[in-house]
Amino acid sequence: MIEPSTHLRDKYAIAGAGHSRLGKVPGVSAQGLLEEAMLNALDDAGLTTRDVDGLICRGPDEIYTFHQIMGERLGIDAGFSTTLTNGGASQVMGVALAAMAIDAGMASCALVGYGRDNWSRVHANKENHMRGSGRPQQMYGMEFGPEFGYYGAIAAHGFGAQRHMHDYGTTREQFGAISLAFRKHALNNPDAVMQKPLTMEDYLNGRMIVEPFSLFDCSLQTDAAGAVIVTSAERAKDLRQKPVLIKGFGTGNNISGWFNGDNMTHTGAIQSGQTAYAMAGVGPEDIDYAQIYDCFTYMVLVQLEDYGFCKKGEGGEFVASGALDLDGALPTNTSGGQLSEAHVEGMLQVVEGVRQLQGIYGPERQVPNAEIGLVSGHGGNTVCESTLILGAA
Amino acid sequence: MSDDYAKAIPVTGPESVPYWEGAKKHQLVIQKCGKCGHHWFPPSTVCTGCGSRDINWVRSSGKGKVFSFVVFHRLYHKGWDGEVPYVVGIIELEEGARMLSNVIGIPVEDVKCDMPVEVFFEDATDTLTLPKFKPV
Ligand SMILES: [Zn+2]
């Protein structure tokens, strides 16, 4: 039994957030994109690289000890530094780890970020384009998959979507409601890659990739990076930007496997959410907005259930009700998310989660009276989850 | 059997040799715990049910059901050119272990979760046989 931890609640804060150019950014490496985001985050806080003594990254997966490459490029020595390899759960976890490292006295001001040049990699050659991936083949399973024509994250997540449809009667129209809601948000975000409205007819006529997912169920392939600064709530008060408090965080990892038990319909978000809620001293009813990891539409629906925003099996009705809109019950992925803004495996959702509480947006994008937000990270081949609950200072 | 087999050839890990050797003899073999009776897949050196090291390879009935499935419409590998759409399923064997394979012998639009299936063996090359599944 894990005891709830509350001593970190509101003790640490995010003092600044930034992102790089998003979309097709040829001629810039993943490292260059990440530097761009990190410098923007430092500017946001009114800090420079000289103030940083903690560095947590996730790099292109095939680069060994990526944080060392970034430290060298930025000219930073750090009391605490590491590269995380937990897939899309790494980015939210990086923020949690920064707070823990500062609390343990190993750093005082940490940069957390991730950049990827995925559009450039996927379009670098025909082989990558056919595989739909910029990562080397060697990083994937070499038996019990490829010999059966099983490739890619779309199929892995598709199994979960199919089983959810079977168990709960969830429909493709309900998945479509998620795509449509996030596209509406993207239209109010000038930095978002997707700037054309999306209708249900467009969604249903979308080219089928791996059924039950069509083109519009799948997140974007983009060059992009995001970064945030974590420091004590006390220190953040004296910096340029309004501090955003880290109220709670959690993780949950169904690493016994996506195919095991009912893991594909009851995800790591259940435990991750419970841990984060307990630390923050809040429940789903207190959350004013959410930034939910949206690699694929289905993952939004199942995480909304697992975080307790609706009952298990009722995610379809919840998303179809308009709940995700800016004036809905739970405004979600207010930047357009990975389906319509850009895809940096959750890092941009941390950035957007912070900015909503900095209160920097006009009424077209600002969640009215936002005080508490939830950010989720999901990945590691679909079984790892991390959760961050942020609060206004 | 064919000399110009264009699909991916699995790179076999040391723990899975008995599985592939069994397939060559048209037998589906999986691991069973000598202590608690649990069956599991993919192969490992410990029972995933109880943690025991008492592991035996046993023959599966080859019968099971489709726990979930996806239909590939997009081509990810040139070896599948001309075969899309095709079904990749997670098969739950009667013994409880789940494994990934193709579901064949049924129109793709008729495949359903929980549909009963049974194993058959496809000799892909002289040294590779793949366990695949068809409706009962
Ligand atoms: Zn056992």
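So, how was this worked out
Residues numbered from 1 in each chain as written. Chains lettered and ligands numbered in written order. Predicted model: local features only at pLDDT ≥ 70, side-chain atom pairs only at ≥ 80, totals over all residues. Heavy atoms only, no water. Helix = DSSP H or I, 4+ residues; strand = E, 2+ residues; numbered from the N terminus. Buried < 20%, exposed > 50% of the residue type's maximum accessible area, 1.4 Å probe, protein only. Contact = heavy atoms within 4.5 Å. Areas by Shrake-Rupley, 256 points an atom, 1.4 Å probe, with all protein chains shown as cover. Lys, Arg positive; Asp, Glu negative; His and termini not counted. Charge placed at Lys NZ, Arg CZ, Asp CG, Glu CD. Rg over C-alpha atoms; globule rule 2.2 N^0.38 Å. Donors = N, O, S within 2.8 Å, 3.2 Å for Na, K, Ca; no water. Tetrahedral: all angles 85-135°; square planar, octahedral: opposite > 155°, others 65-115°. Pairing = 2+ DSSP bridges. Axes fitted to C-alpha atoms, helices over the stretch in contact; angles between N-to-C directions. Left-handed = near helix turned anticlockwise from the far one by under 90°. Nonpolar A, V, L, I, M, F, W, Y, C, P; charged D, E, K, R; others polar. Phe/Tyr/Trp six-rings, centres within 6.5 Å; stacked < 30°, edge-to-face > 60°. Core = buried A, V, L, I, M, F, W, Y, C linked by side-chain atoms within 4.5 Å. Buried area = accessible area lost by both parts, 1.4 Å probe. Salt bridge = Lys/Arg side-chain N within 4 Å of Asp/Glu carboxyl O. Parallel < 35°, antiparallel > 145°, perpendicular 65-115°, else oblique.

(A) Local environment of the overall build of chain B. When helices and strands are counted, chain B shows one helix and eight strands. For chain B, the spread of C-alpha atoms along the principal axes amounts to about 45 × 35 × 25 Å. Expressed as a percentage of its 136 residues, the buried residues of chain B come to 47%. Sequence-distant contacts in chain B: of pairs separated by 6 or more residues, those separated by 24 or more amount to 51%. In the form shown here, chain B has an accessible surface area of approximately 6,400 Å², with 49% of it arising from carbon and sulfur atoms. The averaged location of the 17 negative side-chain charges in chain B is 6 Å from the averaged location of its 15 positive side-chain charges.

(B) Summary view of the overall build of chain A. Helix and strand counts for chain A stand at 14 helices and eleven strands. For chain A, whose C-alpha radius of gyration is 19 Å, the value lies close to the compact-globule estimate of 21 Å for 393 residues. In terms of its C-alpha atoms, chain A occupies a principal-axis envelope of roughly 50 × 45 × 45 Å. Expressed as a percentage of the 393 residues in chain A, the buried residues total 63%. Long-range contacts, defined as pairs at least 24 residues apart, comprise 75% of the intrachain contacts of chain A with a sequence gap of at least 6. For chain A, the exposed surface amounts to about 14,100 Å²; the carbon and sulfur share of it is 51%. With 27 positive and 44 negative side-chain charges, chain A shows a spacing of 4 Å between the two charge centroids.

(C) Examining the coordination of the zinc ion more closely. Residues and elements named next belong to chain B. Only Cys33 (SG), Cys36 (SG), Cys47 (SG) and Cys50 (SG) from the protein coordinate the zinc ion, and they sit 2.3 to 2.4 Å from it. In this structure, the zinc ion is coordinated by four donor atoms arranged in tetrahedral fashion, with angles at the metal of 105 to 114 degrees. Linear spacing of the donor residues for the zinc ion on their chain is C-x2-C-x10-C-x2-C. Exposure remark for cysteine 50: the relative accessible area of 35% places this residue in the partly exposed category.

(D) Inspection of the sheet that holds strand S3 (residues 55-59) of chain B at higher detail. Residues and elements named next belong to chain B. Sheet architecture is open: three strands sit in the order S2-S1-S3, paired in antiparallel fashion. Both outer strands of the open sheet, strand S2 (39-40) and S3, are each paired with one neighbouring strand and no more. The pairing of strand S1 (residues 29-33) with S3 spans five bridges and is classified as antiparallel. Its bridge partner lying in S3, cysteine 33 is registered against isoleucine 55.

(E) Seen up close, the packing of helix H1 (residues 30-45) of chain A against helix H2 (residues 66-74) of chain A. Residue and element names in this part refer to chain A. Running from amino to carboxyl end, H1 crosses H2 at an angle of 60 degrees, the nearest separation of the two axes being 11 Å. The chirality of how H1 crosses H2 is right-handed. Facing H1, whose interface residues are Gln31, Gly32, Leu34, Glu35 and Met38, H2 presents Phe66, Ile69, Met70, Arg73 and Leu74. Of the residues in the contact of H1 with H2, the class split is six nonpolar, two polar and two charged.

(F) Geometry of the pairing of strand S5 (residues 86-93) of chain B. Residue and element names in this part refer to chain B. Burial of S5 is extensive: eight of the eight residues sit out of reach of the surface. Of the strand pairs in this sheet, strand S4 (residues 63-72) and S5 are connected by eight bridges, and their pairing is antiparallel. Among the inter-strand pairings, valine 71 is bridged to a residue of S5, identified as valine 87. Across five bridges, S5 lies against strand S6 (residues 98-102) in antiparallel orientation.

(G) Structural detail: the packing of aromatic side chains. Counted under the stated rule, the structure contains 15 aromatic pairs over all chains. Residues tyrosine 151 of chain A and tyrosine 76 of chain B carry aromatic rings whose centres are separated by 6.4 Å and whose planes lie at 10 degrees to one another, so their mutual orientation is stacked. Of the two residues, tyrosine 151 of chain A sits in the loop between helix H5 (126-131) and helix H6 (152-168) while tyrosine 76 of chain B sits in the loop between S4 and S5, which places them in two different chains. Residues tyrosine 151 of chain A and tyrosine 76 of chain B agree in their burial class; the two are buried.

(H) How the structure looks around the nonpolar core. Core analysis: the largest hydrophobic core is formed by 91 residues, its most contacted members being Phe159, Ile287, Leu304, Phe309, Leu324 and Ile389 of chain A together with Phe72 of chain B. Once you skip the residues sitting within four places of it in the chain, leucine 324 of chain A turns out to touch Ile178, Ala181, Phe182, His185, Leu304, Phe318, Val319, Leu330, Pro331 and Thr332 of chain A.

(I) Spatial organisation of the interface of chain B and chain A. Between chain B and chain A, the residue contacts involve 40 residues of the former and 30 residues of the latter. Summing both sides of the interface, chain B and chain A together bury roughly 3,100 Å²; the carbon and sulfur share of this comes to 64%. Considering only the side of chain B, the residues that lose the most area to chain A are Arg74, Tyr76 and Leu100 of chain B, jointly responsible for 23% of the buried surface there. For the interface between chain B and chain A, the tally reads one salt bridge.

(J) Molecular detail of the packing of H6 of chain A against helix H11 (residues 297-306) of chain A. Residue and element names in this part refer to chain A. One way to put it is that H6 packs onto H11 with a least axis distance of 9 Å and a crossing angle of 60 degrees. Considering the angle they form, H6 stands oblique to H11. Between H6 and H11 lies a crossing whose hand is left-handed. Across the interface between the two elements, His157, Gly160, Ala161 and His164 from H6 touch Tyr298, Met299, Leu301, Val302 and Glu305 from H11. Among the residues forming the contact of H6 with H11, the class breakdown is five nonpolar, three polar and one charged.

(K) Seen up close, the sheet that holds strand S7 (residues 223-232) of chain A. All names here are of chain A. With mixed pairing, the nine strands of this open sheet are ordered in space as S3-S2-S4-S7-S1-S8-S11-S10-S9. What marks the edges here is a single partner per strand, and that holds for strand S3 (80-83) and strand S9 (289-291). Going from strand to strand, the sheet's axes swing by 25 degrees on average, the running direction of each strand aside. Pairing of strand S1 (residues 12-19) with strand S8 (residues 244-253) involves three bridges; the strand directions are antiparallel. The residue of S8 that forms the bridge with tyrosine 12 is isoleucine 246. Each of S8, strand S10 (372-379) and strand S11 (384-392) touches helix H10 (residues 269-280); the most contacted strand, S8, lies at about 150 degrees to it.

(L) Summary view of unusual backbone geometry. The linkage connecting phenylalanine 41 of chain B with the following residue, proline 42 of chain B, adopts the cis geometry, with an omega of 0 degrees. For proline 42 of chain B, the location among the structural elements is in the loop between S2 and S3. A cis geometry characterises the amide bond from valine 84 of chain B onward to proline 85 of chain B, with omega recorded as -5 degrees. Here proline 85 of chain B shows up in the loop between S4 and S5. In this structure, threonine 65 of chain A is a non-glycine residue whose phi angle is positive, near 45 degrees. You can see threonine 65 of chain A is positioned in the loop between strand S2 (54-58) and H2. We note that aspartate 114 of chain B has phi near 70 degrees; this positive angle belongs to a residue other than glycine.

Limitation: the analysis is restricted to geometry and does not speak to function.
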